Structures are given as structure tokens and as C-alpha cells.
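# Inside the fold
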Amino acid sequence: MSSEEVARLASLARIQLTDEELTRFAGEFDAILTAVASVSEVASDDVPATSHPIAMTNVFRADEVTRTLTQEEALAGAPEAADGRFVVPQILGEE
Amino acid sequence: MTDLIRKSAAEMAAGLAAGEFSARELTDAHLERIEAVDSDLNAFITVTADDARATADAVDSARAAGKQLAPLAGVPVAVKDIAVTRGVQTTAGSTMLEGWVPPYDATLVTHLKQARLPILGKTNMDEFAMGSSTETSAYGITRNPWNLDRIPGGSGGGSSAAVAGFEAPLAIGTDTGGSIRQPASVTGTVGVKPTYGSVSRYGLIAMASSLDQAGPCTRTVEDAALLHDVIGGYDPKDSTSIRDGFGDFVAAARSKDVKGLRVGVIEQLEHDDFDPLVRARFEESLALLEEAGAEIVRVSCPNFEYALGAYYLIMPSEASSNLAKFDGMRFGLRVIPEDNPTAERVMAATRGEGFGAEVKRRILLGTYALSSGYYDAYYGSAQKVRTLVQRDFAAAYEKVDVLASPTAPTVAFPLGQKVDNPMTMYLNDIATIPANLAGVPGMSLPSGLAEDGLPAGIQFLAPALGDDRLYRVGGALEALLEHKWGGPILAQAPALEGGAR
Amino acid sequence: MSAQPVSANKVREYLDVQPLDFDDAVKTYDPVLGIEVHVELGTATKMFDGAPNVFAAEPNTAITEVSLGLPGTLPVVNEKAVEYAIRIGLALNCEIAESCRFARKQYFYPDLTKNFQTSQYDEPIAFDGWVDVELEDGEIVRVEIERAHMEEDAGKNTHIGGSTGRIQGATHSQVDYNRAGVPLVEIVTRPIPNVGERAPEVAAAYVRTLRDIFRALDVSEARMERGNVRADINVSLRADADAPLGTRTETKNVNSFRAIDRAVRFEICRQAGVLDAGMDVVQETRHFHDETGETSPGRVKTDAEDYRYFPEPDLVPVAPSRDWVEQLRSTLPELPAARRRRLIGEWGFSDFEMRDVINAGALDLIQETVDAGAKPQAARKWWMGELARYAKDKGVELDELGVSSAQVAELIGLIDEKKINDKIGRQVLGVIVEADGDGSPAQIVEDKGLAVVSDDSVLTDAVDAAIADNPDVVEKIKGGKVQAIGALMGPVMKATRGQADAGRVRQIIMEKLGVAG
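Residues numbered from 1 in each chain as written. Chains lettered and ligands numbered in written order. Predicted model: local features only at pLDDT ≥ 70, side-chain atom pairs only at ≥ 80, totals over all residues.

## Brief notes about the UniProt feature "active site" (unreviewed entry) in chain B
Residue and element names in this part refer to chain B. Condition: UniProt positions are given in the numbering used here, feature names are shortened, and annotations may be inferred rather than shown by experiment. Only DSSP runs of H or I reaching four residues or more are called helices, and only runs of E reaching two or more are called strands; each is numbered from the N terminus. Residues with at least 20 neighbouring C-beta atoms inside 10 Å of their own are called buried, those with 12 or fewer are called exposed, and the rest are partly exposed, where every C-beta is derived from the backbone. Any residue pair is listed as a contact if its two C-beta atoms, each placed from the backbone, are within 7 Å.
Within this structure's numbering, the places UniProt gives as "active site" (unreviewed entry) are Lys 80, Ser 155 and Ser 179. Taken along the chain, the residues just named run across 100 residues; in space they keep tight, none of their C-alpha pairs more than 10.9 Å apart. Looking at the secondary structure, you find Lys 80 in strand β2 (residues 77-80). The exposure class of Lys 80 is buried, given the 30 C-beta atoms found within 10 Å. Aside from chain neighbours lying at most four places away, what touches Lys 80 is Thr 123, Met 125, Gly 156, Gly 158, Ser 159, Ile 172, Gly 173 and Thr 174. By the element assignment, Ser 155 lies in the loop between β3 (119-123) and α6 (157-164). If near-sequence neighbours (up to four positions away) are discounted, Ser 155 is found in contact with Met 125, Asp 126, Ala 129, Met 130, Gly 131, Thr 134 and Ser 179.

In C-alpha cells form, the structure reads like this:
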């Protein structure tokens, strides 16, 4: 894996990496991916995927209001807050 | 005082009930021990002495008033800093959450409070539970009470070191790929990963949702059963919580009876990756069980070979998603870059600085495994391996009641030895991972001293919902081994001088 | 797939392209639509936690630790939301999945508390349906539904520091997560072909049809202006109906029927201009601007979108039992289109009258009034006439006037029994509206002495006076101009303060003057 590829992943995962990290991870990922690639040897089409270790279905809750956080509790951990809202930096994107 | 803290939790509970000592005395004794030795161990990130004393006092008053109390009321407990605690900083071992004070309690914390166990504090762990050595914590490394230059295991090294170091009789761990069992193995303690869904995950900072499971860290099998009873049970806030179907853990732990029990030895976990003395202690343990009437059977689980690969795809994939919320917008760390600090760049800077190397490594691997074009080859295939591992287990449990293997390939390795080599670190989990993939329960208990005079562990695995089988075989083996040793293994651990560092 | 980055020069080139006139555009090209509608469900709580699902609350108060996505929290599915999703699926003639699951759609954005949206991806709860959409002139267009799936809404960003509250120029934003986790159902059509010049109308009528269905099912208040129903409109052009589909654009969040019509119209003209200029339509997301009626491109993303969907590990599959589905099917209400057709027949309204009634939101009110005993045309006359005027003056919906169907039915009954006339009826209504809906019409008539005067002695005196005061009119009537009777009735009505029974007055005048009606 190239460090460019690692940079693309880092961008997708919103993690700023140093050049040193990019190089180091690129090397490590090659080794790790080679080691884990063996899974495809046995993952044939006739084997179903398991996403939950204990199979269950239809776990629901009733449509009833539970305790809510107060505004103060909600904002207590916020890096910045104003007017009862979380303040976040300038967003570049869609309206 | 020293005698007090060396008792088992069951003995402490009995002493409290008999009025031999008060919950306050017991709690103070542990707080004093923490004061004395935690500068050596660094098992705790946060000590909540006042809260613990308040709970202890409440227990003493309630007992004096003749009120009915839970069996472990007044027996102190330490909680891995991955379980959120209302009003008490919860860090998951990361800079990202330094100073974060949750507005709610994890369900298992609520259970501990309802049963009135004084909570001594929050224990150290690998950052976001990612590691096998507790060396990746942002709050310093935790040391092994058996040898302060050795790792205490991970990710729950803090909980196991606290229990092994007599700072707490009971602790809570979480196990995604072995984080309860492997620390137990290298610290000479007991650790149980219950059936997936047995203990609520609500309020546990998630690493890999389909693998994570909380459980007890203790010095005896009976104590583990007692603590499992407190924290387990159906929770409507966790969609994967199991409603019922469990046997009686405490009765099983006390039965000490393995006559006719069929113990399967997994051929695939008998290879040379396990150190000779670790294997020797394992074989001796099996021999003791056989003498006591158990039947030892060799079983084959051919797909376990692929379990490590599947685990190191599923775990990072789910972790990459679960850790996306740590972005500096709503809570925790926010790092503002100097030029053009848009939300996007603040998120990237925060995550670049707030996460350590291992966390970044796993998030990036997971992002890769889930990204378009790779999903089928990686995540999809890994989920199929999961099915195959489950089939191996199902086939094995047609022949045997429980499975056994050494818990970890080695005794505690020296600090710093593997932390920069992810692949060798990952191999520590080779024996513990299959249980997480299949959701089945596992227990580690001491099998004796191995290389360098350090403890090794034996692991038992049971079918889903068969946790009581673990307590039965574990309780029996523990009694046989302690009879042979002339006492608990921790009696052989060196005394901690306190303030040596 | 994502848009290719477009250079600044290229953008200028595109801006220079002159849109085609609409008629020319649809003569040259065949437009194809695709519409995604999000509807916020009217459950009491959110999709995955017990926080209240409310429209207006103090910011960041309608949340739990779950809807705020705090570390350690886990989702649990709201059963009512699943029921509503199934009902919507059934109403749209969809198959309901035997088993389906949730998936995480992952992207970083400050209004998402977890930086993923819990949605459905490869296994939606409903799929393969259709709905008939009726146009102004009664033509019916069948729209095929590809899928309907469940998901959660995001929080709301308020942009601070920009001149217009827009994202451009803002220095920072404030986020309110009250809306985060509100249950949504997203309904996706298959490409809608063969609509030609009617594309704008079909798009708007389709969304209106869905809106009416949501209301009939009572699964959402479905108020467009509140954003309960939001539409993303895909438009593409091709040379003719046999050509492969052209490149489409997606115009986001077009939130009124008029805006939908205008956005489709604009995109057709703009894309036709681009194609006529020999250029390619760029596949992109666009935004509609109400002030200008135009669309403009969204920000071009630097990295390709890759949502990294995977099955939500914190939730287990939803497998609605066939019994449940059939029970929900059997309790589906009559859907709006069927009901309209039935009522047109039963009530004898014209298509035009019915459309007005529906647009005014008066159908249920009229139905209730009819159920309370009134004749359909009378009920329509009062609701669409006098009451509609009051509602308009007050700037409220008809059902917010405070006047009940029972009151209107009672009023109509008094008129039918000739106890009052229309004019008094209007007076009585005025009293009720003033009193915010208080009072019974019969009681008001009695209290205010408004009953029609049909006492012949009173009327005869008034008629005698009118005859005496208007000898010239009397001459005309006697001379055969019977229609001049009106000129005598005016003074009589005036003398009785409008409470005279007009028919009886007319009769008395004719008797007095010895003429036949």
C-alpha cells in the first residue's frame, strides 16, 4: 500500500497524519493485510455471513418518551456553546 | 488491614454480613492500599475515594438498620475506564476524552450502584481498549504486580493489575478479543468473558460492537460468579441483550464437581506459538481434571486458523465507525489548526492529535476494509469466516461440554517489547479471539507459574448461554490447583514495596 | 457516483450557456424524472431512543444521551416507526421484506451526532411498489416505487456570520440536535419516463399524492412548510423515449409543490441549453433558489464519496411477521385517490369542485358535516364560501378556525327548516367565529332574536307600507313586469331587519296585487 493510499484513507476517516505516519502505516498495512487476506481462501459463496454472534430478530421498544437531558447536561461537555446550541467551526459544504 | 484486602470477595461479603468489619473499614483498607502501591502499578486513572466511602457508609447504616442487602453490598469494585460513570471523568484511556464527565451511567455501573458496591475508581486501559499490554494509554503504562518491568496484559491491564495487586477484590473488564482473559492470564487472576449479550453494553464506549462484552476480573472463580450475577441480565437499552436462559453461576462455581465432564482440547491451539512452560502448566491442569473424573478429548476446529485474520478485519471495521463520533464537535478534545480552521479541518486535526498510533492504525485499516471495492474481499469474507468458526464450535460442542486451551501464548512480556510491532502484538490474541467471533463465553484462570516464574493461564470455553459450565470447571480446577500449590497463586507474588518508583 | 471536479474555466463556460425555452426544450428532448421523498414520521419518540419527537422545543432539549450520540450509547428501534414504515409501504403497493436490517451510512458532518446515519442499504423494509398520480385534467400517471426504507434525521445547523444566514460567508455554525434521530422513511421512485411537457406537473403531483397518503395513513403531519416532507428531484434528458437515460442532476430539498414544478422546469430548460450547446450535463447535486426559481450547483467534493455502508452491529434484523403485515394491511384506511373517486360519485361534486375542496383542506370537514346530516352541496357551499373567507382573513387553516362540523351542520339544518335564511346564517357564523368557536347556532338565533319573521301580520304591515310608498313599482308589476317585485321586497326586508322569510314576502305581495307568479 502506498502512502498516497494511506492519505486517501486518512482523508476519508478525517485524521490528519504526519508524513512520517503516512510512511510508517503504509509499510505496516502491507504486512497486516497480507496476514489477514487468508480469510478470502475459505469465504466461498455458499457460506453465509454472520454479522451478529447471537442471532436475534425484532428487538423493539415501545414509542414512549423517556428521561431527556437538560440543555445544560447536553452542552456540559461541548468544546464551545452559545444560545443553547453547540458552536462548531465554519462548515464548507452543502446547504 | 493487609489480611483484610487479601481475602476473596466472597470472604469479605461473609465478614461484612457477620459484622467482623464494616464496609467503611474494608473500603478504607483498599483506598490505603491504592495510596501505597498505585504509584508503582498505575492501575487507576481516577480514584473516587469520597464516592466509595459514601457508598460504604450507606451500606453500614443499612446493615445496622437491619435492611436486606445484596450479597456483595459493601465489597469494593474497580471499573475499567471504558464504562461511563455519571459525574465521574471517563476517558477510555485517550487524550480525546480527557476531562469528559458523562451525564449518565452505564447499565452495569447502575447495577453496581444498586447492589451498593463501593466504586473505588476507574482503571487504566489501552486507548479505546486497543492493545494487549496497557502501554497505549494516554495516562501512562500500567505495570504487572508480579514484575514491574512486565506488561499487565491488555487492554484491561488496569483492572487485572488492581485485582492482582490487592487494590480491589473485584473489577470490571471488557473483552473484544481477549482483553479480560489475557490480562487475567498474565497477572495470575481470573477473568470471564460472558456470552455476548449476557452483560449490557449500554454505556461501554464501543470498540467493536459485535465483539465487545463486559465481564468480571477477580482473584477467584466464585468471586467472578458473584460479580457476574450483579452486572448481568437483560437490558432493554441494548438491542443485543439476552433475556434469559442462563444457569446458576455461583452454585456452579461452588460445586467443584467435574465427574463426567467432557473437556475438549483444541488441536489448532496446541502448536509451537505457545511457550513450553505455558503448555506444560496447561497439560498439568488437564491431568488434574482427568484425575478428578473429567474426560479429556482432542477436537479439531480447522477454521480457527482464519479467526485472527477475520478478527483483525471485523474489529477495525466496526471500530472505525464507532470512533467516528470523536470529532471535537460535541464533547471532548477540540484541536483548532492555525490556518483555515473549517469544521472539516478541525475534525481532522482533533483526530490526528487526540488518537494514538494504534487507534489511528485500526481506524485506517477499518476504513480500508469497508471502502468501496474492498468490502466483499475483506469485511464480507471476514463475516463468512465468522460463520465457519461458529460451525467449528457447534461441531466441537457435539462431542464435549467445554473446550480448553492456554489463554495466551506467553507469560507477561517485558514492557516495550511488542508495542511498536503490531503483528506480533496481535498474535497474543490467537487463543482468545474465536470466542468473541462466535459470541461464546470464555474464562481464564491461573494454571501455575511458567517462564521466568510468572503466571500462565488456562482458558475454558463453553457454548453460548453455557457460562455456568465455565464456573463449574473453573471452580473445580482452581480448588485442585490450590490444593497442589498449598494456597492461591497470588500468595507467591512478590510483595509490592510501594513508592519504589 | 460522484461528480467529476469541474475547473473554474469550465464553470464559466457552463454559466454562459443560455437555457432553452421550455416548449422548445420538451420538443427536442425527452425528460425523465426520479424522485426521493423523505417523510418525518409522527411518532411520539425518535427512531432509536425515547427522546420526544417534537417540532419546536428549546434547542438541545428534545434529546437523550442516545440522540446526542454520546460515547457508550446504543440504539433501540421504535416499533411504532416500523409499523408506520410498513403502512407506507403497503399504501404504495410495495412488497414488505420478510427480513431487513439497518446499515450505517458513514460520512463526517457536524449535524450527524455519530458521523454516520443509521439507515437501510441493501435490505429496505419495502420495495417494488407503485402509486397512481392524478393530474389536473384527471389523467393518471403510474409511478413505480423502487424502495421505501427507514432512517434517522440529522440535527440542524444555523450558520452565523454570513449575510443571509447561508453557509457561504458564515464564520461558524450553531447546532441544535433536537431533530437528530427523528424517524424518517425515504421513498425512492424508479425513473419516471414518458412525462414530456408534463414533467413539472407530474413531479409536483407525485409529491402531493404522497403527502395526501401520509395524512390519510396518519403517519405524519406531512406539513411541507415545516420540512415534514422533503423532496430531492432527479432530472435527466434524452433524445427520445428509446434512447438510454441521460446524465441526471439531483436538486436537493425542494420543499413546496410550486418549487418542485419550477425546479423541474428550470432543470429541463438548463440541461437542454447545455446539450444544445454541444456540452455534457454534469452529474451533480444542485440547490433550488425560491427567489429566482433557478438551481445552482452544490460544492464539488474533492474526494469521491464513499459511504462505507455496513450492517449496523448494534441493531438486530427486523423481520415483520406475515400476520403483522396482513393485520396492518387490513386496517389501512381508504386512500385519498379512492376516496375522492367515491365521494365525487356520492356527493355529485364536479372534478373541479372536488379539487378546490381538497386544495382547501376541506374534505374531512365536509365529510363530517355531511355525516352530521347536512346535504353535501350545502356543506361545500359554507366551508368553501363564508368559512374559507374567515380562514383567509385570519391567515389560518380551515380546521383551525374553531368552527366545528357539527355547528355547520346545525346551521344548515336551521336554513333547511327555513328557521333562518342565508343572510342570518352568515350572521350566526360571524358570532361563532368571533367567539372562537363557542356557541350553538340555534341558541344564537334564539338569544339574538334572529329567527326568520314568518308571522303574516308583521309581514302584511310591512308589505302594505311598501306598496303605499312605491306606487310606480306597483303599476309596473300590475302591468306585467313581475320581476319588478324585487323592488318591493327590498323595503320589506329592510323593515324586518333582514329576518323576513323572503318566499313568504313574495307570496303576500303577489296576493295583494292580484298577480300570478
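Here the narrative resumes, following the displayed structure.
## Brief notes about the UniProt feature "domain: Amidase" (unreviewed entry) in chain B
Residues given the UniProt feature "domain: Amidase" (unreviewed entry) here are residues 25-470 of chain B. Annotation note: span residues 25-470 of chain B, helix share 38%, strand share 13%, distance between end C-alpha atoms 33 Å.

## Some details on the nonpolar core
Just so we agree on the cut-off: Put simply, a nonpolar core is a cluster of buried Ala, Val, Leu, Ile, Met, Phe, Trp, Tyr and Cys residues tied together by C-beta atoms within 7 Å.
One finds Val 77 of chain B together with Leu 33, Ala 85 and Ala 203 of chain C to be the most contacted residues of the largest nonpolar core, which totals 280 residues. Apart from residues lying up to four places away in sequence, Ala 85 of chain C is in contact with Ile 125, Ala 126, Ala 148, Met 150 and Val 185 of chain C. Val 357, Ala 362, Ala 374 and Val 452 of chain C belong to the second-largest nonpolar core, a separate cluster that totals 37 residues.

## Thoughts on helix α3 (residues 79-91) of chain C
All names here are of chain C. We apply this condition: Take the number of residues in a helix, subtract one, and multiply by 1.5 Å to get its expected span.
Here α3 is 13 residues long and its end C-alpha atoms lie 18 Å apart, about the 18 Å a rise of 1.5 Å per residue gives. Extensive coverage of α3 is indicated by the burial of eleven of its 13 residues. When α3 is considered as a whole, its buried residues turn out to be Lys 80, Ala 81, Val 82, Tyr 84, Ala 85, Ile 86, Arg 87, Ile 88, Gly 89, Leu 90 and Ala 91. Among the residues trailing α3, Asn 93 stands out with phi positive, at a value near 60°.

## Some words on the interface of chain A and chain B
By a widespread convention, an interface's size corresponds to the accessible area lost as its parts come together. Here is the rule: Note on residue classes: Ala, Val, Leu, Ile, Met, Phe, Trp, Tyr, Cys and Pro are nonpolar, Asp, Glu, Lys and Arg are charged, and everything else, Gly too, is polar.
Tallying the contact residues gives 44 residues for chain A and 59 residues for chain B. Going through the elements one at a time, α1 (3-12), α2 (19-36), α3 (39-42) and β3 (85-89) of chain A are the ones with two or more residues in the side of chain A that touches chain B. Counting residues per element, the side of chain A that touches chain B draws most heavily on α2 of chain A, which supplies seven residues. The residue makeup of the side of chain A that touches chain B, split by class, is 32 nonpolar, eight polar and four charged.

## With respect to the sheet that holds strand β14 (residues 294-297) of chain C
Residues and elements named next belong to chain C. Our working rule: Think of it this way: DSSP has to see at least two bridges between two strands before they count as a pair.
Here we have nine strands laid out as an open sheet, ordered β3-β6-β7-β10-β1-β11-β12-β13-β14, and mixed in their pairing. Of all the strands in the sheet, the pair left with one neighbour each is β3 (95-96) and β14. Summarising the sheet, strand β1 (residues 30-40) and strand β11 (residues 229-238) pair through ten bridges and their orientation is antiparallel. Of the residues in β11, the one forming a bridge with Pro 31 is Leu 237.

## Structural notes on the packing of α1 of chain A against helix α13 (residues 357-370) of chain B
We apply this condition: Structural elements are reduced to axes, namely lines fitted to C-alpha atoms, with helices fitted over the stretch in contact, and the angle between N-to-C directions of any two is expressed from 0 to 180 degrees. Here the angle decides the label: under 35 degrees means roughly parallel, over 145 means roughly antiparallel, 65 to 115 means roughly perpendicular, and every other value means oblique.
Two numbers describe how α1 of chain A lies on α13 of chain B: the axes approach to 9 Å, and their chain directions differ by 95°. The angle between α1 of chain A and α13 of chain B falls in the class roughly perpendicular. Where α1 of chain A approaches α13 of chain B, its residues Val 6, Leu 9, Ala 10 and Leu 12 of chain A are matched on the opposing element by Leu 364, Thr 367 and Tyr 368 of chain B. Of the residues that constitute the contact of α1 of chain A with α13 of chain B, the class distribution is six nonpolar, one polar and no charged.

## Concerning the sheet that holds strand β1 (residues 44-47) of chain B
All names here are of chain B. Pairing is mixed in the open sheet, where eleven strands are placed in the order β1-β3-β2-β4-β6-β5-β10-β11-β9-β7-β8. Whereas interior strands pair on both sides, the edge strands pair on one side only; in this sheet they are β1 and β8 (295-299). In this sheet, adjacent strand axes meet at a mean angle of 25° when their direction is disregarded. Both strand β5 (residues 190-193) and strand β10 (residues 442-449) contribute to a ladder of three bridges, which runs antiparallel. If you follow Lys 193 over to β10, its bridge partner there is Gly 442. Those strands touched by α6 are β1, β2, β3, β4 (170-174), β5 and β6 (214-218), and its axis lies near 160° from that of β4.

## Observations concerning the domain arrangement of chain C
Residues and elements named next belong to chain C. We count it as follows: Note that the domain bounds were set by an automatic or database domain assignment.
Parsing chain C into structural domains produces domain 1 (8-302), domain 2 (357-437) and domain 3 (456-513). Look at where the C-alpha atoms of domain 2 and domain 3 centre, and you get two points 31 Å apart. Counting residues at the interface gives four residues for domain 2 and four residues for domain 3. Along the lines of polarity and charge, the residues of the side of domain 2 that touches domain 3 split into one nonpolar, one polar and two charged.

## Structural notes on the pairing of strand β7 (residues 140-152) of chain C
All names here are of chain C. Alignment of strand β6 (residues 126-134) against β7, held across eight bridges, turns out to be antiparallel. Looking at β7, one finds that Val 133 is bridged to Val 141. Hairpin connection of β6 to β7: five residues between the antiparallel strands, including Gly 138 at a positive phi of 90°. Two strands pair when backbone bridges link them, and β7 and strand β10 (residues 183-189) are joined in this way by seven bridges, in the antiparallel orientation.

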